[in-house]
Amino acid sequence: MSFVDYSQLFYLSINNLLEQCKTFRQLHQVHAHAFTCGLLSVCSSKILSKILYSLTTATTPRSSLSLLRFAVSVFNAIPNPSPFCYNLIIRIHTLHSSPVTGLHYFLQMRRFSVPPDFHSFPFALKACSQLRVLSLAQSLHSQILRFGFVSDLYVMNSLIHVYSVSNRLNDAYQVFEESSHHDVVSYNSLIDGFVKTGDIEKAREILDRMPVRDSVSWSTLMAGYAQGSHCKEAIELFNLMMDLKLRPDNTALVSILSACAQLGDLEKGKQVHNYIVKSKIPIDSFLSTGLVDFYAKCGDIGTALKIFELSPDKSLITWNAMLLGIAVHGHGQLSLHYFSRMMEAGVKPDGVSFLGVLVGCSHGGLVDEARKIFHEMESSYGVRREPKHYGCMADLLGRAGLIKEAIEMINNLPTGGDMSVWSGLLGGCRIHGNVEIAEKAAKQVMELKPEDGGVYSILANVYANADRWEDVVKVRSLMSGNRIVKKSAGCSLIQLDGTVHEFLAGDGLHSQRDEIYMVLDGIREHQREISAY
């Protein structure tokens, strides 16, 4: 057998082993075997290139650093690396969140006059998108034009993506329009970009233009509707998916549940839940979190608790959704119980977790327990206190009538307190009639957020409860004479026979206004008759 036959046999043997490798450790062992047996001296470039390729699909170790170091050592051992090898080392670094080093290898590739191909630029552009460095992306765009890759769909999609994540939607749209070929990825990148910049109408326009849509297309726009409080539009889009017999992914399902929660549309959310059950869609941590959040916000805390308990995979976000749900329903002791269970489960709390517990304590009047949790946040759990935590404590102390303690806490803050802190204190002053501190808190809120009309109403109520009617008139005159003040009208929703009816304070535009007032007058008359006896 000739030397060529032996080298080919060795390569096939090692190649077969590499194809069976699933983990970084296995690849490391094969590399060590090839080195100790002297096989790398026979056909090193082929074997080392194959190892690099296998690293792009291997299971990541706990620390990506060891994998990246190994990849670099393998790459450096390759004599005269080809464009394929450079592409692999760049891709490995972008896969493991090391974009700067990835771009370093792209620059090295250009410096050594190794010609880039249609894979080189997408990998380099991905590194730019991770770094959010627009100037580098624009430089690569120029090189793409010079090398003639402007017509390559993969390259163009990467350009659209990097401009989208850099909030340069006009540039992304221009690249899209100038490209002769589009696929679903091209459209989805634009939809995602417009959604993230808040231009939901343009995102919908792109969706309507698509010749073929996938689940990402629908779920991205639906998430944009839900996050932008366009909840009715989100439900309409979901209904359209159902009419077209399309199967929504978990992102779409969580988004529609969020929209239902914001509208308080319990019936529609239940329909979505029933669809999940009937379709036998696996309820993972992400979906169970959406269901818990939905039921809790719609007032059905019992069902939220049942879903939480049945969830086999409870992530930190799932625990937080449950803690916040319990808290807003005023179950202080229960929120403390679930926080203890969270600790026992080995889930490390974050700022949202503590916010949920503090809100629960505030609604339940559990002052001592809240103090303990608040003081242990940083010392025992290593979670930094944020303004929202101080705001919650100010609210709790204010509700409990501990106005002096709340003031001392605020005075010790280096920033002097933000909107949430002073608003919480003002609410406590209204409950306990502390006019002097209420005036101080209201002044701070007006300076921090002069357009907030709610503070004027609260201060007027404080004055009214103290029979200071002249001050009530002054505050109301001040509010009506200030053009920048915005007062949000009270809003309530009720669902009847599958239709959601919305009522705004002072609004007489409901189609059944006369019938509603007739019934209300009847109820008032009935109450008078009962009171007369």
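- The chain appears in an unreviewed UniProt entry as Pentatricopeptide repeat-containing protein from Manihot esculenta.
- Quoted verbatim from the Sequence similarities (unreviewed entry) field of UniProt, the annotation for the chain is "Belongs to the PPR family. PCMP-H subfamily."

## Remarks on the state of the cysteines
Part 1 of the argument: Going through the model one piece at a time under the given rule, you end up with zero disulfides.
Part 2 of the argument: The thiol of cysteine 361 is unpaired, and the distance to the nearest cysteine sulfur, on cysteine 392, comes to 8.2 Å.
Part 3 of the argument: Its relative accessible area of 9% is what places cysteine 392 among the buried residues.

## Some details on the pattern of salt bridges
Part 1 of the argument: For the coordinates displayed, the defined rule picks out 15 salt bridges.
Part 2 of the argument: Arginine 371 serves as the salt-bridge partner of glutamate 405, at 2.8 Å between the closest nitrogen and oxygen. Pair noted here: glutamate 405 is in helix H24 (residues 403–411) and arginine 371 is in helix H22 (residues 367–381), with a separation of 34 residues, a long-range link.
Part 3 of the argument: Residues aspartate 395 and arginine 399 are paired through a salt bridge, measuring 2.8 Å at the closest nitrogen-oxygen approach. Placement of the pair is aspartate 395 and arginine 399 together in helix H23 (residues 387–399), with a separation of four residues, close to one helical turn.
Part 4 of the argument: Note on arginine 399: relative accessible area 36%, which makes it partly exposed.

## Regarding the nonpolar core
Part 1 of the argument: Judged by nonpolar contacts, the single largest core of 154 residues is most densely connected at Leu52, Leu55, Leu221, Met322 and Leu425.
Part 2 of the argument: Among the elements that take part in this core, helix H15 (residues 250–263) stands out by supplying nine residues, more than any other.
Part 3 of the argument: Excluding its chain neighbours within four sequence positions, the residues that come into contact with leucine 425 are Ala394, Ile403, Ala406, Ile407, Ile410, Ile437 and Ala441.

## Notes on the packing of helix H13 (residues 215–227) against helix H14 (residues 231–243)
Part 1 of the argument: With their axes 7 Å apart at the nearest point, H13 and H14 run at an angle of 155° to one another. It follows from the interaxial angle that H13 and H14 lie roughly antiparallel. Where H13 crosses over H14, the handedness of that crossing is left-handed. Packed against H13, whose contacting residues are Trp218, Leu221, Met222, Tyr225 and Ala226, the element H14 presents Cys231, Glu233, Ala234, Leu237, Phe238, Leu240 and Met241 at the interface.
Part 2 of the argument: When the residues that make up the contact of H13 with H14 are grouped by side-chain class, the tally is 11 nonpolar, no polar and one charged.

## Focus on the confidence of the model for the chain
Part 1 of the argument: Per-residue confidence for the chain gives a mean pLDDT of 86, with 88% of residues at or over 70.
Part 2 of the argument: For residues 1–6, every residue scores under 50 in pLDDT, and the model assigns this stretch two contacts once sequence neighbours within four places are set aside.

## Quick look at the UniProt feature "repeat: PPR" (unreviewed entry) in the chain
Part 1 of the argument: Taken from the UniProt record, the annotation "repeat: PPR" (unreviewed entry) applies to residues 183–217 and 315–349.
Part 2 of the argument: When the span residues 183–217 is considered, its composition is 74% helix and 0% strand, and the gap between its end C-alpha atoms is 12 Å.
Part 3 of the argument: Along residues 315–349, the helical share is 74% and the strand share 0%, with 11 Å between the first and last C-alpha atoms.

## Observations concerning unusual backbone geometry
In terms of backbone geometry, most residues other than glycine have negative phi values and most peptide bonds are trans.
Part 1 of the argument: We note that asparagine 80 has phi near 50°; this positive angle belongs to a residue other than glycine.
Part 2 of the argument: For asparagine 80, the position within the fold is in the loop between helix H4 (64–76) and helix H5 (83–95).
Part 3 of the argument: Classification of asparagine 80 by relative accessible area gives exposed; the value is 74%.
Part 4 of the argument: A positive phi angle is found at aspartate 467, which is not glycine, with a value near 60°.
Part 5 of the argument: Following the sequence through the fold, aspartate 467 ends up in the loop between helix H27 (454–465) and helix H28 (469–481).

The rules behind these values
- Residues numbered from 1 in each chain as written.
- Predicted model: local features only at pLDDT ≥ 70, side-chain atom pairs only at ≥ 80, totals over all residues.
- Heavy atoms only, no water.
- UniProt positions renumbered as here; feature names shortened; annotations may be inferred.
- Disulfide = S-S within 2.5 Å.
- Buried < 20%, exposed > 50% of the residue type's maximum accessible area, 1.4 Å probe, protein only.
- Salt bridge = Lys/Arg side-chain N within 4 Å of Asp/Glu carboxyl O.
- Helix = DSSP H or I, 4+ residues; strand = E, 2+ residues; numbered from the N terminus.
- Core = buried A, V, L, I, M, F, W, Y, C linked by side-chain atoms within 4.5 Å.
- Contact = heavy atoms within 4.5 Å.
- Axes fitted to C-alpha atoms, helices over the stretch in contact; angles between N-to-C directions.
- Parallel < 35°, antiparallel > 145°, perpendicular 65-115°, else oblique.
- Left-handed = near helix turned anticlockwise from the far one by under 90°.
- Nonpolar A, V, L, I, M, F, W, Y, C, P; charged D, E, K, R; others polar.
- pLDDT = per-residue confidence, 0-100.

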